[in-house]
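The lines below spell out each chain.
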Amino acid sequence: MIPVSPRQSILRHYLNRRETFSTKREQTARRARRISLARLVFFLLAAVFIVGALGKFFSAFLAALGLGVLFLLVFIVLVLWHDRVLGARDRFQLLADMNDEAIRRMERDWAELPHLGVDPGVAHHPIAFDLDIFASEPGRASLFQLLGTVGTPRGRTTLQQWLLSPADASEIRARQGAVRELQEQLDWRQQLQLHARVLSTSSTDMEKFLQWAEAPPWLSKRTLLFRTAQGLSVLPTLLLGLS
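For the structure given in this document, a descriptive report is provided here. (Residues numbered from 1 in each chain as written. Predicted model: local features only at pLDDT ≥ 70, side-chain atom pairs only at ≥ 80, totals over all residues. Heavy atoms only, no water.)

### So, the nonpolar core
Cut-off, in case you're wondering: Among the buried residues, those of types Ala, Val, Leu, Ile, Met, Phe, Trp, Tyr and Cys that are joined through side-chain atoms within 4.5 Å form a nonpolar core. For every residue, the accessible area obtained with a 1.4 Å probe (protein chains only) is divided by the maximum for its type, and the residue is called buried under 20%, exposed over 50%, and partly exposed between those limits. In what follows, residue pairs with any heavy atoms lying within 4.5 Å of each other are defined as contacts.
Counting residues in hydrophobic clusters, the biggest one holds eight residues: L116, V122, A128, I133, F134, F144, L159 and L164. Residues contacting L164, with those up to four places away along its chain left out, are V122, H125, A128, I133 and F134. L11, A102, M106 and L186 belong to the second-largest nonpolar core, a separate cluster that totals six residues.

See the structure below:
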């Protein structure tokens, strides 16, 4: 029996996970298509019976209307179920993609890995690109690309700062301890990564909101405008009192 190296074992594990999540994604997609068809059928049935009852095309008005409402309720349930199944399908796709990227990362297949952009300030760092800490263009090898499993802009910024800024010995030991603790918890790590990727779909809006929330109050520096706004806020009350 040929011994399997740790690297081969890990690679095989990622391959199995990619296949598993891809299969679940296809199964969930087929279920979503069946629910979509059933949703259409029940919508048409609800429309026929409700319109027929209101148009007096059925002699049993209450029975026809009751069936129409029942079919409409089933349609609403199917819409909600369909939405949940589509969400599950998308999550399985993301999990399959994450394991595929892990395989590409282990094989150093840089051209097939998604390019991770860097913050504007990083681009002017004196050693950022000379030492291949970051890639200047897609398909280029870099340490950031090798480690880059972060899924949110805030996470990418934090990792960039860690790679460019030295840490003291106690901080390094703490980070290494966290790595050892999480090393065997692949399911938990990928679930966390999954949530980050789902959030990243609206990350631009979230970043803008955080910038706005953390910025100094805009109105407080404009005294005249601030006083005018205060005065206008009591104007409806005064008008109501005068009327």
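### Topic: the side chain of Q190
Convention followed: What counts as a helix is a DSSP run of H or I of at least four residues, what counts as a strand is a run of E of at least two, and both are numbered from the N terminus. Definition of a polar contact: a pair of N or O atoms within 3.5 Å, with one able to donate and the other able to accept a hydrogen when the atoms are protein atoms, and with sequence-neighbouring residues admitted only if both atoms are side-chain atoms.
Within the secondary structure, Q190 is located in helix α6 (residues 186–200). Q190 sits in the buried class, given a relative accessible area of 4%. A distance of 2.8 Å separates a polar atom in the side chain of Q190 from a polar atom in the side chain of R17. Ignoring anything within four residues of it in the chain, the contact list for Q190 reads Y14, R17, F21, L95, M98 and N99.

### Side note on the packing of helix α1 (residues 6–54) against α6
Under the convention used in this document: Only C-alpha atoms enter the line fits that serve as axes; for helices the fit covers just the stretch in contact. Angles between N-to-C directions range over 0 to 180 degrees. Working definition: roughly parallel below 35 degrees, roughly antiparallel above 145 degrees, roughly perpendicular at 65 to 115 degrees, and oblique for all remaining angles. Crossings are sorted by hand: turned counterclockwise from the far helix by less than a right angle, the near helix makes the crossing left-handed, and turned clockwise it makes it right-handed. Residue classes follow a fixed rule: Ala, Val, Leu, Ile, Met, Phe, Trp, Tyr, Cys and Pro count as nonpolar, while Asp, Glu, Lys and Arg count as charged, and any other residue, Gly among them, counts as polar.
Between α1 and α6, whose axes approach to 13 Å, the crossing angle comes to 50 degrees. The angle between α1 and α6 falls in the class oblique. Between α1 and α6 the crossing geometry is right-handed. Residues H13, Y14, R17 and F21 of α1 touch α6, and the partners they reach there are L186, D187, R189 and Q190. Its residues assigned to classes, the contact of α1 with α6 shows three nonpolar, two polar and three charged.

### Let's talk about the packing of aromatic side chains
Rule in force here: Aromatic contacts are taken between Phe, Tyr and Trp rings whose centres are within 6.5 Å, Trp giving its six-membered ring; a plane angle under 30 degrees counts as stacked, one over 60 as edge-to-face, and the others as tilted. For a ring to carry a charge above it, either NZ of a lysine or CZ of an arginine must fall within 6 Å of the ring centroid while also lying within 35 degrees of the normal to the ring plane.
Evaluation of the coordinates by the stated rule reveals five aromatic pairs. Look at F21 and F92: their rings are 6.4 Å apart centre to centre, the planes differ by 25 degrees, and that puts the pair in the stacked class. Of this pair, F21 sits in helix α1 while F92 sits in helix α2 (residues 61–106), placing them 71 residues apart in sequence. The exposure class assigned to F21 is buried, which follows from its relative accessible area of 11%. Across the ring face of W162, the terminal group of R175 is positioned such that the distance to the ring centre comes to 3.9 Å.

### Quick look at the pattern of salt bridges
Cut-off, in case you're wondering: Salt bridge, as applied in this entry: a Lys or Arg side-chain nitrogen positioned within 4 Å of an Asp or Glu carboxyl oxygen.
Applying the stated rule across the entire model yields eight salt bridges. In this structure, R104 and D100 form a salt bridge, with 3.6 Å as the shortest nitrogen-oxygen distance. Of this pair, R104 and D100 both sit in helix α2, four residues apart, roughly one helical turn. R104 sits in the partly exposed class, given a relative accessible area of 24%. Close ionic contact of E101 with R197 constitutes a salt bridge, the shortest N to O distance being 2.5 Å. Placement of the pair is E101 in helix α2 and R197 in helix α6, with a sequence separation of 96 residues. By relative accessible area, E101 is classed as buried at 12%. Linked through salt bridges whose partners overlap, the residues forming this network are R18, D100, R104 and D109.

### So, the environment of F134
Here F134 shows up in the loop between α2 and α3 (143–147). Along the primary structure F134 and Q145 are separated by 11 residues, whereas in three dimensions their C-alpha atoms are 7.1 Å apart. Dropping the residues within four chain positions of it, F134 is found in contact with V118, V122, A128, F129, S142, F144, Q160, L163 and L164.

### As for α1
Put simply, the test is: Residue count minus one, scaled by 1.5 Å, sets the expected span of a helix.
An ideal rise of 1.5 Å per residue puts 72 Å on 49 residues; α1 measures up with 71 Å between its terminal C-alpha atoms. Buried residues belonging to α1 abut α2 and α6. Just beyond α1, the residue with positive phi is K56, at close to 60 degrees.

### Examining a nonpolar patch on the surface
To be explicit about the condition: Patch membership requires more than 30% relative accessible area and the absence of a salt bridge. Residues of like charge join within 9 Å; the nonpolar side chains Val, Leu, Ile, Met, Phe, Trp and Tyr join within 5 Å. Accessible surface is estimated by sampling points in the Shrake-Rupley manner with a 1.4 Å probe; for residues, cover comes only from the protein chains shown.
The grouping of L37, L40, V41, F43, L44 and L45 at the surface amounts to a nonpolar patch, some 530 Å² of accessible area in total. Here L40 shows up in helix α1.

### Regarding the environment of A46
Within the secondary structure, A46 is located in helix α1. As for A46 and F71, which are separated by 25 residues in sequence, their C-alpha atoms are 4.9 Å apart. The residues touching A46, leaving out its near neighbours within four places in the chain, are G68, F71 and L72.

### Examining unusual backbone geometry
Positive phi values are uncommon outside glycine, yet R108 reaches one of about 55 degrees. By the secondary structure assignment, R108 is in the loop between α2 and α3. By relative accessible area, R108 is classed as partly exposed at 45%.

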